[in-house]
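Chains, contacts and geometry: an overview
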Amino acid sequence: MMLPRKAPVSSMALSRLCVLALAAVTPALHAATATPLKLGWTVQSDCKIHGDGATLSRPGASTQGWYSATIPSTVLAVQVAAGEFKDPYVGTNLRSIPGTSYPIGQNFSNLDMPPDSPYRCGWWYRKSFEVPASDAGKTSWLHFNGINYRADVWLNGIKIASSSDVQGAYRTYDFNVSKALKPGHENVLAVETFAPTPTDLGINWVDWNPCPPDKDMGLWGAVSLRSSGPVVVRSPMVTTHFTDASLKTAELTVRAAVDNATDHPIEGRLEGSVAGVVISQPVTLAANESKSIAFTPSDYPQLTISNPHVWWPADVGAHPLETASLKFVIAGAVSDEKSIRFGIREVVSEFTPKGARLFKVNQRPILIRGAGWSPDMMLREQPEKLAAEFALVHDMHLNTIRLEGKLETEEFFRLADEQGVMVIAGWCCCDHWEHWDKWDANTLKVATASLDAQVMRIRSHPSLIAWLNGSDNPPPANVETAYLNVLKQDFWPNAIASSATGQPTTVTGESGVKMTGPYDYVAPSYWLTDTNKYGGAYGFNTETGPGPAIPSLTSLKKMLGPGHDWPRDDVWSYHAGGGGFKDIHVFNDAMKATYGMPDSAARYNLIAQSMAFDGERAMFEAYGRNKYTSTGVIQWMLTNAWPSSIWHLYDYYLDAGGGFYGAKKACELLHVQYSYDDHSVYVVNSVYEATPGLTASARVYDLNLKELFSKSAPLDSASDSSTKAIDIPQDVFSNTSATYIVHLELKDVKGRIVSTNSYWVPGKLTEFDWAKTNYTHTPAKTPEDMTALASLPSAKVKVTAQNAGDRIHVHLSNPSDKLAFQLAVELEDEHGAKLPRITWSDNYLELLPGGQRELTALLPAETLTALGIKDASTLKVKLEGWNVAPVTINPIHNTK
């Protein structure tokens, strides 16, 4: 018997699937235990073995020649781990894997497997394991956290489930295997998995990157065996309502599902503690009944608590977690128990007067500054890398991650909860998930069952703030209604939007968000000059960005393979995207027009990093200046599923380049910035605390460093505010063929610099060809001309560095009378390769004559270990810039 679920209205038949009859005798009561089935699997293609589940799931079946595997793992990931193929992420190695013959740049999820693909066959996963004899009489549940896409499941010669029932990449399964299990003996599990077809709700990589040839088939989620008594507890959750803005009184509501796995009624109690508050409730369950149990503050006054420890998003407060533990007790014995961590917080969304969706956390508005997430292309779980990625998110002061379809692991949500990173989740675009005109009744059943499984899995996490029922399009009325029914019956506690687009529906009306691009390069002025139609800084933009992000020279060598780093060739394009993003010609054309096309890999990379810095800074700054006319922006994307030249703030190897530092600069918590549209200077405060007594200053120079304007102004920065400080007159920029340097500083009441920012601004901004806007970008009718920057006179920068054990301090000074432009510092290993994961307090900066800056990089021991660095004294600091000779020094020796 599959674990009963509260059935979505449209999927009753699936939710009550009876696969294996329970033992007639009532199971004994035992505290629940869980055993992960992770190690010791073997995997093989059915085309090679022509296997029989009844035989393969018994002891003694031969697995000679099978792959060894650790689960979770897709089929291709198993093969790659076994060394069968060259690294598929390097160069065009992926195209050499059998089955990767689909046209480059096309969405493989919408195509059939090629006739010669080895993944047209089923693939077997087999594991032998033992269960203690003491487990006899317990109820045992076999849990699958993700199977892509169909599967036949066999245990000890008995078919537990068939592929007609086990279908859906995002469904989870719990099978009652009490009768099939053999405590005290060897048990064998055999699962034959089948890849998704173009008419399945599978896992899709859209135009982000290529799709692996197996379409990520296999056991991509964890597998475990769990024991319990006859009643199980599922999906506890705790929601919060604050009685007023003081947040001194919180009303908690507790919910959990309980399921009777027997064929007779059971009486018991659901009891436990929530943030130290004891609760208990009698429960009567009919045979095989599933029931949602609620503890409300009106019925349980102790759930109204005073002076709670409030969970806040990153940068605006602490994010403490409380514990809720619930157990079902029958006649004094525990049948099952579950514990979760939760945050005491309240999230709502509302529409501004202009129709933009505005999120409020704990009754305070918050500007969403986030980026789109991508896991590894082969869905490999990499906990250590995941932790490093969250550190990079915090370093940029982003507060939100958007998941499009890739609904992530428990470890991901644990980190998000603990670190205050908000999460927007929802379904993917561009394959059968949005081919609603081709859906049949079974597709809708799988879709609603998938939603039910994921909502019940993630609903308790304080990091979750919204669910999107569609991505590039909202679902039709019947599908949206079915989705809403699931969300309602599962008590989804957060915001719901019909899609990531601005298209309204007949069911829920306006979405309050937009998805108008751009996704390819636009000049920095775009975000403030578009005021009412496209991706500019107004409303809530669910995915957008300034396009390509060229990895560092070190990452390019890893990504492209020998001989392809320069000049650019088809391998570069292969590591771009799909659809309209199969190359980066828009970016390159803009580089040529604006700065001049370089003739070396090093110079190209230097300019590319500056363009990414300038673009990301401009986008995030524009949305910050215009809050709360602008209510949120999601950079497309945060990172890549494989090494790529587009759409990331740090690359696949976790190397932070220009785009990372542009976003980090723009998202400073107290920040001074320039406006391209009207030459104003603003101070943006992103925390819930006022900062009085500030002084903002602005100076404008031509490229000969003649000062054209200088002004300082006092201001008080209110909590969570955007305040105009200075207006720079238009006539300062009167020479339309010139390029100007705008230098800003913000000082606190004690005269200490708290924010600096420098811009290179054309006398004539880009003239956009709005009429030719498409889904990728708005082209330039007349691009900016700042080619004069390529001819800046050489500047000399003095560099000193000190290795302080867990950090490196670098001091930069400009003793020359020239501007030092776009100075970038990196840390290199003894072989001259740039180290990823190491980030600086600031980077990609300008130094005026006599200017000085102090930069710091942290060197956590765990990061150095992950990078294979045994001796930090071997590390070197490299400085480069547009008009300075590269300098490399060893910090230990503190040389110049």
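Below or above, wherever it landed, is the structure these notes cover. (Residues numbered from 1 in each chain as written. Predicted model: local features only at pLDDT ≥ 70, side-chain atom pairs only at ≥ 80, totals over all residues. Heavy atoms only, no water.)

Here the focus is the pattern of salt bridges. A pair can form between side chains of opposite charge whenever their charged atoms are brought close. Overall, the coordinates contain 29 salt bridges when judged by the stated rule. Across the salt bridge formed by Glu-410 and Arg-457, the nearest N and O atoms sit 2.9 Å from each other. On the criterion of sequence distance, the pair formed by Glu-410 in helix 6 (residues 410-419) and Arg-457 in helix 7 (residues 441-458) is long-range, its members being 47 residues apart. Look at Glu-410 and you get partly exposed, because its relative accessible area is 39%. For the salt bridge of Glu-668 with Lys-665, the shortest nitrogen-to-oxygen distance reads 3.9 Å. Lys-665 shares its class with Glu-668; the two are buried. (Salt bridge = Lys/Arg side-chain N within 4 Å of Asp/Glu carboxyl O. Helix = DSSP H or I, 4+ residues; strand = E, 2+ residues; numbered from the N terminus. Buried < 20%, exposed > 50% of the residue type's maximum accessible area, 1.4 Å probe, protein only.)

This model, assessed by the stated rule, comprises two disulfides. Residue pairing for Cys-429: its cysteine sulfur links by disulfide to Cys-430, the two sulfurs lying 2.2 Å apart. Because the sign of the S-S torsion sets the handedness, a value of about -85 degrees for the bond joining Cys-429 and Cys-430 places this disulfide among the left-handed ones. Residue Cys-429 is classed as buried on the basis of its relative accessible area, which comes to 2%. (Disulfide = S-S within 2.5 Å.)

Judged by nonpolar contacts, the single largest core of 267 residues is most densely connected at Phe-144, Leu-189, Ile-728 and Leu-812. Take this core: its biggest share by element is eleven residues, from helix 13 (residues 601-625). Ignoring sequence-local partners within four residues, the contact set of Leu-812 consists of Val-797, Lys-798, Val-799, Leu-823, Val-825, Leu-845, Leu-847, Gly-851, Gln-852, Arg-853, Leu-855 and Leu-879. Of all hydrophobic cores here, the second largest spans seven residues; its members include Leu-56, Trp-124, Trp-154 and Ala-190. (Core = buried A, V, L, I, M, F, W, Y, C linked by side-chain atoms within 4.5 Å. Contact = heavy atoms within 4.5 Å.)

The buried fraction of helix 14 (residues 658-666) amounts to nine of the nine residues, a majority that puts the element mostly inside the structure. Taken together, the buried positions of helix 14 are occupied by Gly-658, Gly-659, Phe-660, Tyr-661, Gly-662, Ala-663, Lys-664, Lys-665 and Ala-666. Residues of helix 14 that are buried in the fold lie against strand 24 (368-372), helix 5 (383-395), helix 13, strand 31 (670-674) and strand 37 (753-762).

Let's shift gears to the environment of Asp-589. For Asp-589, the position within the fold is in helix 12 (residues 585-594). We classify Asp-589 as partly exposed; its relative accessible area is 48%.

Our next topic: the pairing of strand 12 (residues 223-228). Counting buried residues in strand 12 gives six out of six residues, a clear majority hidden from the surface. Residue alternation in strand 12 divides its side chains into two sets, Val-223, Leu-225 and Ser-227 and Ser-224, Arg-226 and Ser-228, and both sets are buried. The sheet contact formed by strand 1 (residues 33-36) and strand 12 spans four bridges and is antiparallel. Across the sheet, the residue bridging to Pro-36 is Ser-224, located in strand 12. As judged from the six bridges shared by strand 6 (residues 139-144) and strand 12, these two strands associate in the antiparallel manner. Bridging across to strand 12, Leu-142 finds its partner in Leu-225. (Pairing = 2+ DSSP bridges.)

As a further point, take the sheet that holds strand 6. Strands belonging to one sheet form pairs held by backbone hydrogen bonds; the direction of such a pair is parallel or antiparallel. Pairing is antiparallel across the open sheet formed by four strands, whose spatial order is 1-12-6-9. In this open sheet, the two strands that pair with only one neighbour each are strand 1 and strand 9 (173-176). Ignoring strand direction, the axes of neighbouring strands in this sheet form an average angle of 25 degrees. (Axes fitted to C-alpha atoms, helices over the stretch in contact; angles between N-to-C directions.)

Applying the stated rule across the entire model yields 49 aromatic pairs. Judged by centre distance (5.9 Å) and plane angle (25 degrees), the ring pair of Tyr-119 and Trp-123 falls under stacked. Accessibility classification places Tyr-119 together with Trp-123 in one group, the buried group. A connected cluster of aromatic rings, assembled from ring pairs, spans Tyr-595, Phe-613, Phe-660, Tyr-661, Trp-760, Phe-821, Tyr-844 and Trp-882. Over the face of the ring belonging to Tyr-102 we find Arg-95, whose NZ or CZ atom lies 5.5 Å from the ring centre. Sitting over the ring of Tyr-652, Lys-385 keeps its end group 3.5 Å from the ring centre. (Phe/Tyr/Trp six-rings, centres within 6.5 Å; stacked < 30°, edge-to-face > 60°. Lys NZ or Arg CZ within 6 Å of the ring centre and 35° of its normal.)

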